[in-house]
Amino acid sequence: MAEAVRAFNSSTLNLPKRLLDFFARYPPELYSAKFTGITLPLTRKESKEAAIARNVAAPAASAQTSQTITADAATSEELTPPTPTPASLSAGQKLPPNPFLPRKNFVTGKWAGAKIGLRRQAELVKMAKKYDIEELLPPSRKSTAFKQARLLEQGLRVKGTGEGQKVKGHAWERHVGATLEKRRTAMENMPELVKEWKRRGHGRGWKKYPK
């Protein structure tokens, strides 16, 4: 992973300053989808289940953390706690909040919006995709992986494009089949119609013109 983190060096890839500032503030070894392995839920049901799971796990994690801190303090007050490494974080430690997603305060029960909005996320994803380092960004609803997974899971979700469905269309589009059939029948019966038209006086009082 260290090689992947060094891959966006400004001297080698000449990344835009905006991407460099983002990676400086949110290091890929702590936030990227490639390192954390976190995937976003595709449906609201999955999102709700994930939120409930986080809500249940948060008090347990906080209690376990408080017990660990108390035990460490009782053992030695002068011992400084070790700095968490990516390996320890992946082993089950709490990861920093994703700047691309809203987060919930489990104390107050209120939600806080994402630090980076969807428009800025889309711009960052486009720039990272241009330099082939999109996987170093945090998981986002604007990422290519999320869009492809959602497309495979849910399809286009456009009314009228599903199996056995059709778009409503304009009135002439809905009636075009009957109109063409009526026109074809009129063309087939045209010789008899011309004879009858001539027999009746070349159009005098004629009202059977085909439409």
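Rules and cut-offs
Per chain, residue numbering runs from 1 following the sequence as it is written. The predicted origin of the model limits local features to residues at a pLDDT of at least 70 and limits the giving and counting of side-chain atom pairs to 80 or more, whereas totals for whole chains, interfaces and linings rest on all residues. The basis for every side-chain value is the complete set of heavy atoms in the structure, and neither hydrogens nor water enter the calculation. By the criteria applied, helices consist of DSSP H or I runs no shorter than four residues and strands consist of E runs no shorter than two, each listed in order from the N terminus. With a 1.4 Å probe rolled over the protein chains alone, any residue whose accessible area is under 20% of its type maximum counts as buried; one over 50% counts as exposed, and the rest are partly exposed. Should any heavy atoms of two residues lie within 4.5 Å, those residues are considered in contact. We place a 1 Å grid over just the protein atoms. Points where a 1.4 Å probe fits but has no way out form a cavity, open points with protein on both sides within 12 Å along at least 5 of 7 lines form a pocket, and any residue with an atom within 4 Å of a point lines it. Grid points are joined across faces, edges and corners, and a volume is the space filled by probe spheres set on the points. Residues are sorted three ways: Asp, Glu, Lys and Arg are charged, Ala, Val, Leu, Ile, Met, Phe, Trp, Tyr, Cys and Pro are nonpolar, and all the rest, Gly among them, are polar. The patches described consist of residues with a relative accessible area above 30% and no salt bridge, like charges being joined within 9 Å and nonpolar side chains (Val, Leu, Ile, Met, Phe, Trp, Tyr) within 5 Å. For accessible areas, the Shrake-Rupley method is used with a probe of radius 1.4 Å. Any residue's cover is judged against the shown protein chains and nothing else. Whenever Lys or Arg places a side-chain nitrogen within 4 Å of a carboxyl oxygen from Asp or Glu, that contact is recorded as a salt bridge. Buried residues of nine kinds, namely Ala, Val, Leu, Ile, Met, Phe, Trp, Tyr and Cys, make up a nonpolar core once their side-chain atoms join them within 4.5 Å. pLDDT: the predictor's confidence for each residue, scored from 0 to 100. What counts as a ring pair is set by centres within 6.5 Å for rings of Phe, Tyr and Trp (its six-membered ring), and what kind of pair is set by the plane angle: stacked under 30 degrees, edge-to-face over 60, tilted for all other angles.

Colleague: Is there a simple way to explain the overall build of the protein in this structure?
Modeller: A tally of helices and strands in the protein yields 12 helices and two strands. Across the protein, helices and strands are ordered from the amino to the carboxyl terminus as α-α-α-α-α-α-α-β-β-α-α-α-α-α. Counting the 211 residues in the protein, one finds 17% classified as buried. For the protein, contacts bridging at least 24 residues in sequence account for 56% of all contacts bridging at least 6.

Colleague: I would appreciate a short explanation of the layout of surface pockets in the present structure.
Modeller: If a probe the size of a water molecule is rolled over the atoms, the empty space left behind becomes visible. Considered as a void within the structure, the second largest pocket measures approximately 280 Å³ in volume. Taken together, 18 residues make up the lining of the second largest pocket; nearest its centre are A33, P139, S143, A145 and F146. Of the residues forming the lining of the second largest pocket, the biggest block, four residues, is contributed by helix α9 (residues 144–154). When grouped by side-chain class, the residues that make up the lining of the second largest pocket number 11 nonpolar, four polar and three charged.

Colleague: I tried to follow a nonpolar patch on the surface on my own but got confused; where do I start?
Modeller: A cluster of nonpolar residues, L151, L156 and V158, forms a patch on the protein surface that exposes about 290 Å² of accessible area. With respect to the secondary-structure elements, L151 resides in helix α9.

Colleague: Can you help me understand the nonpolar core in this one?
Modeller: Soluble, globular proteins show a tendency: their nonpolar side chains are buried together. In this structure, L19, F22, F23, L124, I133 and L137 are the most contacted members of the largest nonpolar core, which totals 15 residues. Contributions of two or more residues to this core are made by α3 (17–25) and α8 (118–130). When residues in this core are grouped by element, the largest group, four residues, is from α8.

Colleague: Which parts of the structure should I look at to understand the environment of F22?
Modeller: Tracing the backbone through its elements, the reader meets F22 in helix α3. Take F22: its relative accessible area is 6%, and that puts it in the buried class. Sequence-wise, F22 and L137 are 115 residues apart; in three dimensions their C-alpha atoms are separated by 9.1 Å. Not counting residues within four places of it along the chain, the set of residues in contact with F22 comprises F100, I116, L124, L137 and P138.

Colleague: Even after reading the chapter, I still don't get the confidence of the model for the protein, so can you show me in this structure?
Modeller: Parts of the model with low pLDDT should not have their predicted coordinates read in detail. Taken residue by residue, the protein gives an average pLDDT of 76. The fraction at 70 or more is 70%. When pLDDT is averaged over each helix and strand of the protein, the minimum, 44, is found for helix α7 (residues 86–90) and the maximum, 94, for α8.

Colleague: Please clarify how the packing of aromatic side chains should be interpreted in this entry.
Modeller: Tallying each qualifying case throughout the model produces four aromatic pairs. Aromatic side chains F22 and F100 sit 5.6 Å apart centroid to centroid with 20° between the ring planes, which places their arrangement in the stacked category. Taken together, the positions of F22 in helix α3 and F100 in the loop between α7 and β1 (103–105) put the pair 78 residues apart, joining distant regions of the chain. For the ring pair Y26 and Y31, a centre distance of 5.2 Å and an interplane angle of 85° mean the geometry is edge-to-face. According to the relative accessible area criterion, Y26 is buried, its value standing at 7%. Every member of this aromatic cluster is reached through a ring pair, and the members are F22, F23, Y26, Y31 and F100.

Colleague: I would appreciate a short explanation of unusual backbone geometry in the present structure.
Modeller: Trans peptide bonds make up the majority, and among non-glycine residues the majority have a negative phi. Even without being a glycine, D132 presents a positive backbone phi close to 60°. Examined against the element boundaries, D132 turns out to sit in the loop between α8 and α9.

Colleague: Could you clarify how one ought to interpret the pattern of salt bridges in this entry?
Modeller: Between side chains of opposite charge, a pair can form when the charged atoms approach closely. Within the structure shown, the criterion is met by six salt bridges. For E123, the salt bridge goes to R18, with nearest N and O atoms at 2.7 Å. Note that E123 is positioned in helix α8 and R18 in helix α3, a separation of 105 residues in sequence. Residue class for E123 comes out partly exposed when judged on its relative accessible area of 29%. The partner of K34 in a salt bridge is E135, with the nearest N and O atoms 3.4 Å apart. One end of the pair, K34, is in helix α5 (residues 33–36); the other, E135, is in the loop between α8 and α9, with 101 residues separating them in the sequence.

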